[in-house]
Amino acid sequence: MKIYETKTAPNPRRVRMFMAEKGLLEKAEFVQVDLLKGENLTPEYAARNPMKKVPVMELDDGTCISETMAICRYFEESYPETPLLGRSPLEKAQIEQWLRWIEFYFFMPTGMCFQHTSGYFKDRMNPIKEWGEECRTTVEKFFHFLDKQLAEREYICGEAFTAADINAFTTIDFNKVNNIRIQPEQTHLQAWYDRIKARPSARV
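This is a predicted model, so every value here is computed, not measured.

Undergrad: How should I be thinking about the packing of aromatic side chains in this particular structure?
TA: Describing an aromatic ring pair means giving the distance of the ring centres and the angle of the ring planes. Applying the stated criterion across every chain, the model contains 15 aromatic pairs. Ring geometry for F106 and F142: centres 4.8 Å apart, planes at 20°, overall stacked. Taken together, the residues span a long stretch of sequence, with F106 in helix 4 (residues 89–117) and F142 in helix 5 (residues 129–149) at a distance of 36 residues. On the numbers, 6.5 Å between centres and 85° between planes, the contact of F114 with F121 is edge-to-face. Each member of the pair F114 and F121 is classed as buried. One aromatic cluster is present, formed by W98, W101, F106, F142, F143 and F145 through successive ring pairs. Positioned above the aromatic ring of F107 is the side chain of R14, whose terminal nitrogen or guanidinium carbon lies 4.5 Å from the ring centre. The ring of F161 is capped by R199, whose NZ or CZ atom sits 3.8 Å from the centre of that ring.

Here it is as structure tokens:
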């Protein structure tokens, strides 16, 4: 199979970390897509993903699957060993809850802050700086929220490392482009971040 990605982008990194935790990186060929040059806007790429986003997984029979968590779900179901999306119905529900919280209240405003304040996509969108700054405030609040969540636990959701940790970790890392970082008083979040950063999957 092939995975079309931009290695510096956060969504592809989420997929790579997920695959690395399951020992599946060698299962795919990773094809780089240059977003700045607009390679994702070509008709050929749009045929794989009409939303024109990365990553896209293309199976050997030509079937294409887009969206980060859809790709991760494919790998979870195909290779259930080392589960990252939960074992029991309760674990699965709790992890899904956290995945949605991270997606809606952390990752999305992170992306909006970047898109509307950096000028990276100014040739293909209308950046609204005020909206980007509002999203910055939302992101900073979520840093505090995570710090409180991690006050008495090693991982974000439950007793084991899960996709929730992957998604939060990669979002925190990407926020460096927004000049948003873990604050000195957020000691629980910093300790958790250091634990995740030490995992081999964090370096893929």
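What follows picks up the thread again.
Undergrad: How should I be thinking about helix 5 in this particular structure?
TA: Residues three or four positions apart in an α-helix share a direction because the helix packs 3.6 residues into each turn. For helix 5, built from 21 residues, the straight-helix expectation of 30 Å at 1.5 Å per residue is met to within 8% by its first-to-last C-alpha distance of 30 Å. Of the positions making up helix 5, those classed as buried are G132, C135, R136, V139, F142, F143, L146, D147 and Q149. Within helix 5, the buried residues cover an arc of 155° as seen down the axis, which keeps them to one side. Pointing more than 90 degrees away from the buried face of helix 5 are the exposed residues E130, K141 and K148. As for helix 5, its buried residues are in contact with helix 4, helix 6 (163–174) and helix 7 (187–197).

Undergrad: So what exactly am I meant to see when it comes to helix 1 (residues 10–21) here?
TA: Taking 1.5 Å per residue as the helical rise, helix 1 with its 12 residues ought to reach 16 Å, and the 17 Å between its terminal C-alpha atoms agrees with that figure. With 11 of 12 residues buried, helix 1 is to be regarded as a mostly interior element. Packed against the buried residues of helix 1 are strand 1 (2–5), strand 2 (29–32), helix 3 (68–78), helix 4, helix 6 and helix 7. Just downstream of helix 1, G23 is the residue with a positive phi angle, here 70°.

Undergrad: Explanation requested: the environment of I128 in the structure shown.
TA: With respect to the secondary-structure elements, I128 resides in the loop between helix 4 and helix 5. Along the backbone, I128 and Q115 are 13 residues apart, and their C-alpha atoms lie at a distance of 8.8 Å.

Undergrad: Would you take a moment to explain the environment of T138 for this structure?
TA: Mapping T138 onto the fold places it in helix 5. Residue T138 is classed as partly exposed on the basis of its relative accessible area of 31%.

Undergrad: Looking at this structure, how should I read the sheet that holds strand 2?
TA: Picture the strands of a sheet paired through backbone hydrogen bonds; they go either parallel or antiparallel. Pairing is mixed in the open sheet, where 4 strands are placed in the order 2-1-3-4. The outermost strands of the open sheet, each flanked by one partner alone, are strand 2 and strand 4 (64–66). Within this sheet the neighbouring strands show an average axis-to-axis angle of 20°, counted without direction. Pairing of strand 1 with strand 3 (residues 56–58), which is carried by 3 bridges, proceeds in the antiparallel orientation. The residue bridging I3 from the neighbouring strand is M57, located in strand 3. Helix-sheet contacts for helix 3 involve strand 1, strand 3 and strand 4, and the interaxial angle to strand 4 is about 125°.

What counts as what
Residue positions are given per chain, counting from 1 as you read along its sequence in written order. Local features in this predicted model are restricted to residues of pLDDT 70 or higher, and side-chain atom pairs are both shown and tallied only at a pLDDT of 80 or more, whereas totals for entire chains, interfaces and linings draw on every residue. Here the side-chain values reflect all heavy atoms present in the structure, with hydrogen atoms and water set aside. Each Phe, Tyr or Trp ring, with Trp reduced to its six-membered ring, pairs with another whose centre is within 6.5 Å; inter-plane angles below 30 degrees give stacked pairs, above 60 give edge-to-face pairs, and intermediate values give tilted ones. The way it works is that DSSP assigns letters per residue, a run of H or I at least four long becomes a helix, a run of E at least two long becomes a strand, and they are numbered from the N terminus. The buried label goes to any residue with under 20% of its type's maximum accessible area, the exposed label to any with over 50%, and the partly exposed label to all in between, with areas taken from a 1.4 Å probe on protein chains only. Both a distance and an angle decide whether a charge sits over a ring: NZ of Lys or CZ of Arg must be within 6 Å of the ring centre and within 35 degrees of the ring normal. One fewer than the residue count of a helix, multiplied by 1.5 Å, yields its expected span. By arc we mean the arc of the directions from the helix axis to the C-beta atoms, nothing more. Pairs of residues are marked as contacts when any of their non-hydrogen atoms sit within 4.5 Å. Pairing between two strands is assigned when DSSP locates at least 2 bridges connecting them. Only the contacting stretch of a helix is used when fitting its axis, a line to C-alpha atoms as for every element, and angles between N-to-C directions run 0 to 180 degrees.

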